[in-house]
Amino acid sequence: MQTENQVRAAAIGTGESALPWEVGGFFETRELSHEETVPWPQPNVFFALARHVVPGILRVNKSIRRLWIPEYFCPDVTQHWSGLIETVSYCDAPSLPEPNWRSLQPGKHDLVVAVNYFGVRNREPWEHWRASHDCILLEDHSHDPVSSWALTSNADYVFSSLRKSMPVTDGAICWSPVGLPLPRQQPTINAVAIELKFAAMVAKADFLTGRASPESKASYRELYAQGDRCLEEGPESPISHRALDCVSSGIPIRWRQARERNVRNLLYLIRETQVAATPLFMQWPAKSVPFAVVLVFTTGKDRDSCRSYLKSNNVFCPVHWPADRAEPVSDLADRILSIPADQRYGDADMAKVAKILDEWNPARQYSK
């Protein structure tokens, strides 16, 4: 399977080594193709951002009193939701096989957010818990929006962010497996934010295909950051028309196959390296695809050192998520790192990432 890096290189006839190489960061634009997809359950509704789902649910179910959010969760989204309704945290994190159920005691009119961390969790613990608890359950499947769990869920609502796994400026989806009324979109698209992000994605595509100078990188990264801020700080809005054209039919099967292959390859290659970190997971449920390869370092200092070294070699790794919480959640957040392995890449890219990881030496980095 050719990687997009290889396809770009072949298109202009210069060879892959003549073009910029990098892994991670936001998606560049790409041509839409008519590929076979995993379709979405129907009916559904699309928003610009996943954080817009909860206020939509609150509008259609005015009896909701509290919102339960796991301690390990995106802090920006938690802060946003806490301005809308009383929020309560419960103990859950990707290092745990399941939540600490004693910390989760919702009432009948409470909304509970359950997270399938990195797309690799088993569904059975949540299903067993739900059988004896009367509440409104909202499952977050952002890390694998069309896993078997997501597509056959019996939760009240399911939602996923799409912009972190698909080449779109914005996008999130919500549906109700049990047929509850779906939240309604607000009428106005945040056009300024969308155009800023789209311009950045076009500029990144130009950079990666050699049509723009290396100096363009700083400017398009700033464009994208401005667009993100504008979108996140702006009003609740529906998905943009351009993004909807890309995601409405579902997620291409080939993309999922490529991501799973990349994760498996990189996990295998990491076993042969000297990197001082442990994979958070090595296996996952059938018909699930992990979001990324996730490494857990011994210390936060090691994590930051490795992340910096990867960045200096054009591998850009996010942290899911930066810590502003109490122990033990903050301890894990300080030591965790996600290595991108999505559909933009292939075998050669994963081999190069593994080589860079093998070259990282914390002792050498600290001595500089």
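Everything that follows concerns the structure shown earlier in this document.
This report concerns the structure included in the present document. None of these values were measured; they are calculated from a predicted model. (Residues numbered from 1 in each chain as written. Predicted model: local features only at pLDDT ≥ 70, side-chain atom pairs only at ≥ 80, totals over all residues. Heavy atoms only, no water.)

1. Things to note about the overall build of the protein chain
Point 1. What the protein chain contains, in helices and strands, is 13 helices and 14 strands.
Point 2. At 20 Å, the protein chain has a C-alpha radius of gyration in line with the 21 Å of a compact globule built from 368 residues.
Point 3. When the backbone C-alpha atoms are referred to their principal axes, the protein chain occupies close to 60 × 45 × 35 Å.
Point 4. A total of 368 residues make up the protein chain; the buried ones form 55% of that total.
Point 5. The long-range fraction of contacts in the protein chain, counting pairs at least 24 apart against all pairs at least 6 apart in sequence, stands at 72%.
Point 6. For the protein chain, the computed accessible surface area is about 16400 Å², with 51% contributed by carbon and sulfur atoms.
Point 7. Each charge sign in the protein chain was given a centre, from 40 positive and 43 negative side chains, and these centres are 0 Å apart. (Helix = DSSP H or I, 4+ residues; strand = E, 2+ residues; numbered from the N terminus. Rg over C-alpha atoms; globule rule 2.2 N^0.38 Å. Buried < 20%, exposed > 50% of the residue type's maximum accessible area, 1.4 Å probe, protein only. Contact = heavy atoms within 4.5 Å. Areas by Shrake-Rupley, 256 points an atom, 1.4 Å probe, with all protein chains shown as cover. Lys, Arg positive; Asp, Glu negative; His and termini not counted. Charge placed at Lys NZ, Arg CZ, Asp CG, Glu CD.)

2. Examining the layout of surface pockets
Point 1. Computed from the structure, the largest pocket encloses a volume of approximately 1500 Å³.
Point 2. Taken together, 46 residues make up the lining of the largest pocket; nearest its centre are Lys 164, Asp 228, Pro 318, Val 319 and His 320.
Point 3. Looking at which element gives the most residues to the lining of the largest pocket, the answer is helix 7 (residues 216-233), with six residues.
Point 4. Here the lining of the largest pocket is composed, by residue class, of 24 nonpolar, seven polar and 15 charged. (1 Å grid on protein atoms, 1.4 Å probe; cavity = no way out; pocket = protein on both sides within 12 Å on 5 of 7 lines; lining within 4 Å. Points joined across faces, edges and corners; volume = space filled by probe spheres on them. Nonpolar A, V, L, I, M, F, W, Y, C, P; charged D, E, K, R; others polar.)

3. Things to note about the side chain of Thr 273
Point 1. Here Thr 273 shows up in the loop between helix 9 (253-270) and strand 11 (277-279).
Point 2. Judged by relative accessible area, which is 12%, Thr 273 ranks as buried.
Point 3. Only 2.7 Å separates the side chain of Thr 273 from the backbone oxygen of Ile 270, close enough to count as a polar contact.
Point 4. Side-chain polar atoms of Thr 273 contact the backbone nitrogen of Val 275, separated by 3.4 Å.
Point 5. Not counting the four nearest positions on each side in its chain, Thr 273 is found in contact with Ala 354 and Asp 358. (Polar contact = N/O pair within 3.5 Å; in protein donor to acceptor, adjacent residues only side chain to side chain.)

4. Structural notes on helix 9
Point 1. The terminal C-alpha atoms of helix 9 lie 26 Å apart, and with 18 residues this matches the ideal 26 Å at 1.5 Å per residue to within 8%.
Point 2. Listed in full, the buried residues belonging to helix 9 are Trp 255, Arg 256, Ala 258, Arg 259, Asn 262, Val 263, Leu 266, Leu 267 and Ile 270. Down the axis of helix 9, the sector holding all buried residues measures 160°, keeping them to one side.
Point 3. Where helix 9 is buried, its residues meet strand 2 (37-38), strand 10 (251-252), strand 11, strand 12 (293-297), strand 14 (336-339) and helix 12 (347-359). (Expected span 1.5 Å × (residues − 1). Arc of directions from axis to C-beta.)

5. Observations regarding the sheet that holds strand 7 (residues 136-140)
Point 1. With mixed pairing, seven strands are arranged side by side in an open sheet as 3-9-8-7-6-4-5. Two strands bound the open sheet, and with one partner strand each, they are strand 3 (45-47) and strand 5 (86-90). Each strand axis lies, on average, 25° off the axis of its neighbour in the sheet, ignoring direction.
Point 2. Direction of pairing for strand 8 (residues 157-161) relative to strand 9 (residues 172-175): antiparallel, over a ladder of four bridges. Across the sheet, Phe 159 pairs through a bridge with Cys 174, a residue of strand 9.
Point 3. Against the sheet, helix 3 (residues 75-82) contacts strand 4 (66-70), strand 5, strand 6 (110-115) and strand 8, and its axis sits at roughly 170° relative to strand 4. (Pairing = 2+ DSSP bridges. Axes fitted to C-alpha atoms, helices over the stretch in contact; angles between N-to-C directions.)

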